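Results of the structural survey
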Amino acid sequence: MFKGIMLSVIASVTFGVLYFYTQLLTGLDSKQTFGWRMLATLPFLTILMWLLGDLSHIKSIYQRVLAKPAFFFLMILSSFLTSVQLWLFLWGPMNGRGLQVSLGYFLLPLVLVLSGSLFYGEKLSKFQIAAVILAVIGVSHEIFRLGAIAWETALVAFGYSAYFLLRKKMGTDNLGGFWWDIIISLPIAIYFIQSGVGGLAILQQQPLMWLVVLGLGLLSAVGLGSYILASRFLPMILFGLLSYLEPILLALASLALGEKISPQEWYTYIPIWCAVSLLVVEGGWHLYRQHKNKRALERNVAHYQKRLDE
């Protein structure tokens, strides 16, 4: 479980960096940025899978398609769901809608927690129950304040949840499944690259932009790869609650990009941040207990070894 927690933290931090990183892609619109992101992510994701020994998942999914061609339609749906999210992630901060998108990531963990309870029968710890209550207070305030949920917020919260549930149902909740998601979306990605204003001419006029695009691919591979692996190693509830770290970082990135939090919005963010703090405390307590138990086991082993020597 510790491995899954670390992967989730790495993913959240990387996504926070990516949110700010999009500002380096000057001259490219959101569609072009999405296209280059998908294209540049593929080679780095393939290298990551090779290092982790996960390339076999690519072949196994391909064999499932050959055995049951109808399975490919589910793969298309999976690719569509993740492509929409990756496009929205870039579109938000580039169009002054970063806070609406980040609020979707605040709501997403609640939907994941609910999904874990309803579909997988997972139970919450006392710390997690308290964190959920605080998160509900924050999100409920925002919905009450706005009178509705922005379409960006709803698309993130429910679209991403549907994506993770579909992948678990399909049995493709691994890096191989995400690799195929990218492969299927490449024709659209290439179309977006060529159809945008300036097209390839922008990269020819700004040679350093190639390095920025490569950096985009590297960060995406690390962030998305870690996120996918975390969803595989962690229970849905814990994965959902840990996801609260990401929207906090996205909100901070949005503030750094010039967006503002109004006085009323603080009543949304403060309960959410308190919820994340509870999870941090629980994680620290878990590590402390784990370390304490390990030390106790070592002392017992040393004690019995000493008695045997006597």
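For the structure, check the block above.
Report on the accompanying structure. Values in this document were obtained by computation on a predicted structure and should not be read as measured data.

Grouped burial of nonpolar side chains is what soluble globular proteins tend to show. Core analysis: the biggest nonpolar cluster contains 57 residues, and Leu45, Met75 and Tyr160 have the highest contact counts within it. Membership of the second largest hydrophobic core comes to 14 residues, among which are Phe106, Val111, Val139 and Ile272.

As a further point, take the packing of helix 2 (residues 30-52) against helix 4 (residues 71-94). Packing of helix 2 against helix 4 leaves a shortest axis separation of 9 Å and a crossing angle of 130°. Judged by the angle between their axes, helix 2 and helix 4 are oblique. Crossing of helix 2 over helix 4 shows right-handed handedness. Contact residues: Ser30, Lys31, Thr33, Phe34, Arg37 and Met38 in helix 2; Ser83, Leu86, Trp87, Phe89, Leu90, Trp91 and Met94 in helix 4. Considering only residue class, the contact of helix 2 with helix 4 consists of eight nonpolar, three polar and two charged.

Next up on the list: a positive patch on the surface. On the surface, Arg289, Lys292, Arg295 and Arg299 cluster together to form a positively charged patch. In this fold, Arg289 is placed in helix 13 (residues 266-309). Residue classification places Arg289 among the partly exposed residues on the basis of a relative accessible area of 40%.

A few words now on the pattern of salt bridges. Across all of its chains, the model carries two salt bridges by this definition. One salt bridge connects Asp181 with Arg167, and the closest N-O pair in it is separated by 3.4 Å. Pair noted here: Asp181 is in helix 8 (residues 175-195) and Arg167 is in helix 7 (residues 151-170), with a separation of 14 residues, a long-range link. Since its relative accessible area comes to 2%, Asp181 is described here as buried. Among the residues examined, Arg167 registers a relative accessible area of 1% and is labelled buried. The partner of Lys168 in a salt bridge is Asp173, and the shortest N-O contact between them spans 3.8 Å.

The terminal C-alpha atoms of helix 8 lie 29 Å apart, and with 21 residues this matches the ideal 30 Å at 1.5 Å per residue to within 8%. Maximum bend of helix 8: about 50°, positioned at Leu186, with proline Pro187 one to four residues after it. Sitting at the head of helix 8, Asn174 places a side-chain oxygen 3.0 Å from the backbone nitrogen of Gly176.

Relative to the elements of secondary structure, Trp266 occurs in helix 13. For the pair Trp266 and His141, spaced 125 residues apart in the sequence, the C-alpha separation amounts to 9.9 Å. Beyond its immediate stretch of four places on either side in the chain, Trp266 contacts Ile261, Pro271 and Trp273.

This next bit is on the environment of Arg37. Among the secondary structure elements, Arg37 is positioned in helix 2. For the pair Arg37 and Leu90, spaced 53 residues apart in sequence, the C-alpha to C-alpha distance is 9.5 Å. Discounting residues that sit within four places of it in the chain, Arg37 has contacts with Phe15, Leu18, Leu86, Phe89, Leu90, Leu216, Ser220 and Leu224.

Rules and cut-offs
Residues numbered from 1 in each chain as written. Predicted model: local features only at pLDDT ≥ 70, side-chain atom pairs only at ≥ 80, totals over all residues. Heavy atoms only, no water. Core = buried A, V, L, I, M, F, W, Y, C linked by side-chain atoms within 4.5 Å. Buried < 20%, exposed > 50% of the residue type's maximum accessible area, 1.4 Å probe, protein only. Axes fitted to C-alpha atoms, helices over the stretch in contact; angles between N-to-C directions. Helix = DSSP H or I, 4+ residues; strand = E, 2+ residues; numbered from the N terminus. Parallel < 35°, antiparallel > 145°, perpendicular 65-115°, else oblique. Left-handed = near helix turned anticlockwise from the far one by under 90°. Contact = heavy atoms within 4.5 Å. Nonpolar A, V, L, I, M, F, W, Y, C, P; charged D, E, K, R; others polar. Patch = residues over 30% accessible without salt bridge, like charges linked within 9 Å, V, L, I, M, F, W, Y side chains within 5 Å. Areas by Shrake-Rupley, 256 points an atom, 1.4 Å probe, with all protein chains shown as cover. Salt bridge = Lys/Arg side-chain N within 4 Å of Asp/Glu carboxyl O. Lys, Arg positive; Asp, Glu negative; His and termini not counted. Charge placed at Lys NZ, Arg CZ, Asp CG, Glu CD. Expected span 1.5 Å × (residues − 1). Bend = angle between axes of the 7 residues up to and from the residue. Polar contact = N/O pair within 3.5 Å; in protein donor to acceptor, adjacent residues only side chain to side chain.

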